[in-house]
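Report on the structure
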Amino acid sequence: MALEEGARSCLMRFRHRLEEDIKPQYLMDHMISDDVMSGDEEGRIMSQPTRKDQAAALLELLLRKDNRAYISFYNALVKELYYDLANMLHDDLPQISPNALKSSSDGCTPYVQTVLSEGGVPQRPVVFVSRLELLNQVREKLYRLKSEPGWVTVFGMAGSGKSVLAAEAVRHQGVIEECFPGGVHWLSIGQLDKPDLLVKIQSLCFRLEQNLDSQSLHRPPNSLDEVKERLRFLMLRRYPRSLLILDDIWDSTVLKAFDIHCRILLTTRNRSLTDSVSGAKYEVEVESGLDENKGMEILALYTKTELTGLPEEARSIVRECKGSPLVVSLIGALLKEKPDRWRYYLRQLQQKQFKRIRKSSSYDYDALDQAMAASIEVLPDEHRELYKDLTVLEKDIKIPAKVLSVLWDLEPEEVEDILEEFVNKSLLFVDGHNKPCLYYLHDLQLDFLVEQNRTQLESLHTKVVRQYQQHYRDGPPISGDEECLYWIRFLTFHMAKANLSQELYSLLFSLDWVSIKAQIMGPAHLINDYVEYGPILDKENSEVRSQFQEFLSLNGHHLEQRPFPDVVQLALSQPLASEVYRQALMQAQDRARTGKLYFDWLNKSSVESLSRLVIHPHQGSIYSACFSHDGAKIATCGASKTLKVFKSTTGEKLTEIQAHDDEVLCCAFSPDDRLLATCSSDRKVKVWNVERAMLLRVFAEEHEEQVNHCQFTNTRRRLLLATCSNDKFMNVKVWNLNRPSSQNTMFGHFEPVNHCCFSPDDTYLSTSSNDGTVKLFQVSSANEWKTINVSGVFAESDEAVLVKCSTWTADGKRIICAARNAVLVFDVETSDMLLEIRTNRLSSVQYCHACPTSNLLAIAFSNYAVELWDLEANKKMADCSGHLSWVQRVQFSPDGSQLLSCSDDQTVRLWETNKVHTTSAVCLKRDSDVLFGDEEITVSAADNCNRLQVRDGRTGSVLFQSEEMSSRIRCTCLCRQPSAVALGQEDGTTQVLEVPSGRLLATLLGHTKTVLHCQFSQNGQTLITSSEDTTIRVWRWQFGEGKVLQGHKEQVRCFSLLSDSAADTRLLSWSFDGTVKVWDTESGEKLQDIEAHRGAILSCHVSPEGCFFATTSADKTAKLWHCESWQCVHTLRGHQDCVRSCRFSWDGRRLATGDDNGEIRLWSVKDGSLLKICSRDGKDGMDSLHGGWVTDLHFSPDNSLLVSTGGYIKWWDVERGEALQTFHPTGSALKRIHVSADFSTFVTIDSSGILYVLQRVV
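Residues numbered from 1 in each chain as written. Predicted model: local features only at pLDDT ≥ 70, side-chain atom pairs only at ≥ 80, totals over all residues. Heavy atoms only, no water.

For the protein, the helix and strand inventory stands at 31 helices and 68 strands. In summary, the protein has a C-alpha radius of gyration of 41 Å against a globular reference of 33 Å for 1258 residues, an excess of more than 25%. Referenced to the eigenvectors of the C-alpha coordinate spread, the extents of the protein come out at roughly 140 × 75 × 55 Å. The burial tally for the protein puts 57% of its 1258 residues in the buried class. Counting contacts in the protein only where the partners sit at least 6 residues apart, residues at least 24 apart contribute 53% of the total. For the protein, the exposed surface amounts to about 52,400 Å²; the carbon and sulfur share of it is 46%. (Helix = DSSP H or I, 4+ residues; strand = E, 2+ residues; numbered from the N terminus. Rg over C-alpha atoms; globule rule 2.2 N^0.38 Å. Buried < 20%, exposed > 50% of the residue type's maximum accessible area, 1.4 Å probe, protein only. Contact = heavy atoms within 4.5 Å. Areas by Shrake-Rupley, 256 points an atom, 1.4 Å probe, with all protein chains shown as cover.)

The following block contains the structure:
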């Protein structure tokens, strides 16, 4: 639009006067800011030799420009105080009608532009990115000024974009027409003294009077009171519905000059300024953060680059700018001038060299540090010192006032008042959603403080530690509130920063601190302390540091359980030489004096631990776990429908995402680790941004059945994602993330596909299916290249062969697949089978993975094991035992140094590949017997090679070991005199061997099925056995003679002599047939036949004095019977599951029963009433209350204590029904526990074959 004729002739008329008086350089700054003039045009004008020539060139240019340029020139004259010259141009200002071009998309029509130009509102910055949410908040508050005067305060820290936001809020036709038809008037204030303020308001009054008829012109007001009155008159009488915008107000005394009952929008760093003025008040807080994409947009606009064309430093620069619009714009403007300096400016930001990021915008400060310093300088001296103390805070951490109350040694109320002042001045932020409120610094403020106080950092951190020590000299806080959380989490950080290494040692090498921090924060933060401050701790004692770190890494899953375990008891399982054990033993001995129970694991030196870290990420099975390509992170997913990411060093949780509507079956990192893919039973495939936990893509349409597996390409060259599913035909797909649908579908399988995997160079995709084949597809063409018929290897069987997975060797020449109980290695080129690894026939292979850097292969099994094999030597190198359920997945780290495994037992375990060697520790079976002597403890049990072992319980050393037996050993019992051991086998044979020579004393043939239980009589002359063949046999074993007790209809799992007396020959037997029978062992006669229960009888116990016996059953009841009348005295109801075990107290007054839900009940024998229910205090992390079935129970001789076994061992206070101590074995599913007569020693074997001999600490 050309310049209006009136405006043109006015410029011509006063041209000579203007050329004489104006200084073009100052005026052009404003005109460039208003976007009516370019930098090139400014350059051409400034190249003129004299000021007058420059002025002439500027006027010449104006005559060629449009109306907006004329209005901008007029406003520049007013701002630079050329009032008389502005006066001459005023009458010919172009007019633009309100209705002109109302349809402008952003509401900024020529009419709006004119109103804003006349009011001196700054133009949009050259580079502008909309912040719509904030903008709408400001406009919503402005609409409230429509009907009455008032104040809208836009507040935020330096450089948060307040001024741009205020200007943008009024750049809207609706806001101006409906709320402020009298116009919008902008006044930049800043830090002013009174004379400067007077000049500012005089300039505003002049501008307002200019727009009225010339008769109303007055002499300029000479005092603040006079000018305030003048402004009041103009705003109320002449501009009754106009808006006054005051930009960058610092001082409440300045604001009082504008307390004239009009409509005001102000920008400030101090939100409390309007407390000093009257009228309605509204606030909008400008949180400083631009999100990452907005920041990128600004850089792209400054450098005139497409978003996708920005260099990789761009995103890092935006992150370093911490979301500050000011800093992003400063950098953008610098890059506009010097587009090759991306890396240089990134380095300056990273090194906090704010002084080098010099002025390159219209901002009031030469550099960012001056903007920050200006905010702090207005504080009183004593508060400035307190603000300096905030230098020690960690980024993104919010703290309660009570922490600063300790640091400053002030009353909490006093601290809150000081913090309120900081918040009001935008020097600090407050999170009011929490009660108590939490306070935090913006990253830039923190960076600035650190830069300012770099030389004092150590002393500032020392002050924090000393104040803490002074305040908490009686012990650390344990309340669990925000203050306690801060100290527990960050005390080590402050000690390390203060270089107080001695204090750090004594804290982190203390079991008390470990216990408190683990209970309040969980184990991951603690492990992180040992990793992060390892170099400092290692100077004192690297061995102790690694002992504490190992203790936490291997017990982390226990430390996450609630109720929280006793850390001292856990630590007693550490090696004898460990400092952790030494401290635990001292504490246990100390506490034992007050009656507390602790148990030392006597034979632990014979057991070695192989896993490096145990994480308990999810409730429910874990189906997939994988390393990131840099090895720093682990992602896990499973039945809980969530995806979680952890640090691989400490197990600290980094991210948790509610990923799918059903079980998440697989997760995989992209080659650059920025993305994670997940697939689920809900038939969807999703792709996530790892760092921001943000969903980027959902592929929900194409798979019609559950998606079993997903994997990205291995190289970054071309990113693709492969998925496979249970679909009938379209079951393998390859996705390009930039497309909404799949790029290719691989056809060939007509049964579910369980797994897919790219070759190392991404040329081929291998797929493993329930059709018994592995197929190799060319990735580029999606054509099938070849089929490997895996089911052909299992030709001896008619059953379907399901191929679980495949993995490529590092050279891409061999492919390895898992099916049934075998792992098969094929040559890729010829499809020939090169190697077959057949494993235990009773377990199936769930998964296998080839090490990317060696010949090792990891195999996961359904029998809870993980094995490592050397493919070259075809030899098993290691057993990794520790999981308590099916192992679903194994994966080596990219450098091959670590191996992770995940399982249905809800844990992920990390193993160090070099440490995991073929372990010499032999696993024992859980069916065992124990003899307690004065000093010695003798244990007999079969081992995993089906040999019978007799061991010294105290040392774990083997006293005797038989040859490997041909038939599986199912039970064993020891005889004191003669010194012998009996063993019952699956083929029905019973053998008696001399100990320790191993000489065969007797072979007893008679049972036709598995021998389930055997027991010597007191004098050792008689051996009694019971069998799956429903019979019991009483042997005079030295003569090979025996009687058969026949009558049960189902297997007899156990029996019991009615008393220990040699004269009493009665035997009690019970069976799955629901009956109890009483026999005379001398005659073989059946004395009683009792129909006891409707369901199988699971246990039976005779009271110590022989008056009663108890039975428990799968029918969920227990019964008490009289031994003379053989009648049922009481039926005990209340258990919700099979009642698995029972035991009388030694005084015969109580009966304890345990069920398959982990519940223990205590009953009165006298009247059958329920006395107590144990285990009601909350679940212990597993599905059942006791970590499994309650399989065995024993009372102490004084009847005050009860020990029980299930998933772990628990000791109870009988009177109160409360748990006193818990021992967590490595494995689970304990079958029984052997207890010494004085209740001081306890022996059991867990599901992973480890023997535990526990002795009470005294």
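Once you've had a look at it, read on.
This part takes up the pairing of strand β27 (residues 803-808). For a regular strand, side chains alternate in direction, first toward one face of the sheet and then toward the other. Counting buried residues in β27 gives five out of six residues, a clear majority hidden from the surface. Strand direction decides the pairing type here: β27 and strand β28 (residues 814-819), joined by five bridges, are antiparallel. If you follow Trp-808 over to β28, its bridge partner there is Ile-815. Once β27 ends, the chain turns through five residues before running back antiparallel as β28, passing Gly-812 with a positive phi of about 75 degrees. (Pairing = 2+ DSSP bridges.)

Here we take up the sheet that holds strand β12 (residues 633-638). Either a parallel or an antiparallel arrangement is found when strands of a sheet pair, and the pairing is made through backbone hydrogen bonds. The four strands are arranged β11-β12-β13-β14 in an open sheet whose pairing can be described as antiparallel. Every other strand in the sheet has two partners, leaving β11 (622-627) and β14 (653-658) as the edge strands with one partner each. This sheet shows a mean twist of 15 degrees between the axes of neighbouring strands, independent of strand direction. Where β12 lies against strand β13 (residues 642-647), five bridges are found, and the strand directions are antiparallel. Of the residues in β13, the one forming a bridge with Thr-636 is Lys-644. (Axes fitted to C-alpha atoms, helices over the stretch in contact; angles between N-to-C directions.)

Turning to the UniProt feature "repeat: WD" (unreviewed entry) in the protein, a few remarks are in order. Within this numbering scheme, the UniProt entry marks residues 657-698, 746-787, 880-921, 1004-1035, 1045-1089, 1090-1131 and 1132-1173 as carrying the feature "repeat: WD" (unreviewed entry). With 0% helix and 52% strand, residues 746-787 has its two end C-alpha atoms placed 13 Å apart. (UniProt positions renumbered as here; feature names shortened; annotations may be inferred.)

Right, let's get into unusual backbone geometry. Note that the residue after Gln-977, namely Pro-978, is joined by a cis bond; omega there is 0 degrees. The peptide bond linking Val-995 to Pro-996 adopts the cis configuration, its omega dihedral lying at 10 degrees. Turning to its location among the elements, Pro-996 is positioned in the loop between β44 (990-994) and β45 (1000-1004). Of note, the phi angle at Asp-762 is positive, near 65 degrees, even though the residue is not glycine. By the element assignment, Asp-762 lies in the loop between β23 (753-758) and β24 (764-769). Here the phi dihedral of Asn-874 falls at roughly 50 degrees; this positive angle occurs in a residue that is not glycine. By the element assignment, Asn-874 lies in the loop between β33 (866-870) and β34 (875-880). Residue class for Asn-874 comes out partly exposed when judged on its relative accessible area of 36%.

On the basis of which strands lie adjacent, the open sheet formed by four strands has the order β15-β16-β17-β18 and antiparallel pairing. The strands lining the two open edges of the sheet, one partner per strand, are β15 (664-669) and β18 (694-699). Adjacent strand axes in the sheet meet at a mean angle of 20 degrees when their direction is disregarded.

Turning next to the UniProt feature "domain: CARD" (unreviewed entry) in the protein. Mapped onto this numbering, the UniProt entry annotates "domain: CARD" (unreviewed entry) at residues 3-92. Secondary structure content for residues 3-92 is 77% helix and 0% strand, and the end C-alpha separation is 11 Å.

What follows concerns the pairing of strand β52 (residues 1075-1080). The buried count for β52 comes to six of six residues, which makes it a mostly enclosed element. Two elements, strand β51 (residues 1066-1070) and β52, share five bridges in a ladder whose sense is antiparallel. The residue bridging Trp-1070 from the neighbouring strand is Val-1076, located in β52. The loop that links β51 with its antiparallel partner β52 comprises four residues; one of these, Gly-1074, has a positive phi angle of about 85 degrees. Bridge count between β52 and strand β53 (residues 1086-1091): five bridges; the pairing is antiparallel. Bridged to Lys-1077 within β53 is Asp-1089.

Together, Asp-275, Glu-411, Glu-413, Glu-414, Glu-416, Asp-417 and Glu-420 make up a negatively charged patch on the protein surface. Residue Asp-417 is classed as exposed on the basis of its relative accessible area of 52%. (Patch = residues over 30% accessible without salt bridge, like charges linked within 9 Å, V, L, I, M, F, W, Y side chains within 5 Å. Salt bridge = Lys/Arg side-chain N within 4 Å of Asp/Glu carboxyl O. Lys, Arg positive; Asp, Glu negative; His and termini not counted. Charge placed at Lys NZ, Arg CZ, Asp CG, Glu CD.)

Attention now moves to helix α12 (residues 194-210). Its 17 residues place the ends of α12 24 Å apart at the C-alpha level, agreeing with the 24 Å of an ideal helix rising 1.5 Å per residue. Within α12 the residues assigned to the buried category are Leu-197, Leu-198, Ile-201, Gln-202, Ser-203, Leu-204, Cys-205, Phe-206, Arg-207, Leu-208, Glu-209 and Gln-210. (Expected span 1.5 Å × (residues − 1).)

Take the nonpolar core next. Leu-390, Trp-408 and Phe-422 are the most contacted members of the largest nonpolar core, which totals 115 residues. With nine residues, the single largest contributor to this core is helix α25 (residues 482-497). Of the domains in this structure, domain 2 (110-210 + 218-286) and domain 3 (292-370) are the two that each give at least three residues to this core. If sequence neighbours within four positions are ignored, Leu-390 has contacts with Leu-404, Trp-408, Phe-422, Leu-428, Leu-441, Leu-446 and Leu-449. One finds Ile-45, Leu-61, Tyr-70 and Ile-71 within the second-largest nonpolar core, a separate group that totals 33 residues. (Core = buried A, V, L, I, M, F, W, Y, C linked by side-chain atoms within 4.5 Å. Domains from an automatic or database assignment.)

This part covers the domain arrangement of the protein. Assigned domains within the protein: domain 1 (5-89), domain 2 (110-210 + 218-286) and domain 3 (292-370). Taken over C-alpha atoms, the centre of domain 2 sits 30 Å from the centre of domain 3. Taken together, the contacts link 14 residues of domain 2 with twelve residues of domain 3. Three residues stand out in domain 2 for area buried against domain 3, namely Val-127, Val-129 and Gly-159, and they jointly supply 57% of the buried area on that side. There are zero salt bridges connecting domain 2 and domain 3. On the surface where domain 2 and domain 3 come into contact, there are one residue pair in polar contact (both at pLDDT 80 or more). Residues belonging to the side of domain 2 that touches domain 3 are distributed by class as follows: six nonpolar, five polar and three charged. (Buried area = accessible area lost by both parts, 1.4 Å probe. Polar contact = N/O pair within 3.5 Å; in protein donor to acceptor, adjacent residues only side chain to side chain. Nonpolar A, V, L, I, M, F, W, Y, C, P; charged D, E, K, R; others polar.)

On to the pattern of salt bridges, then. Taken as a whole and assessed by the stated rule, the structure comprises 58 salt bridges. A salt bridge links Glu-385 to Lys-388, with the shortest nitrogen-to-oxygen separation between them at 3.6 Å. Placement of both Glu-385 and Lys-388 in helix α20 (residues 381-388) is noted, with a separation of three residues, approximately one turn of the helix. Since its relative accessible area comes to 16%, Lys-388 is described here as buried. Ionic pairing is found between Arg-1150 and Glu-1215, a salt bridge with its closest N-O pair at 3.1 Å. Within this pair, whereas Arg-1150 is found in strand β59 (residues 1150-1155), its partner Glu-1215 is found in the loop between β64 (1209-1213) and β65 (1218-1223), the two being separated by 65 residues in sequence. On the accessibility criterion, Arg-1150 (13% relative accessible area) is buried. One connected set of salt bridges, linked through shared partners, spans Glu-292, Arg-315, Arg-319, Glu-691 and Arg-692.

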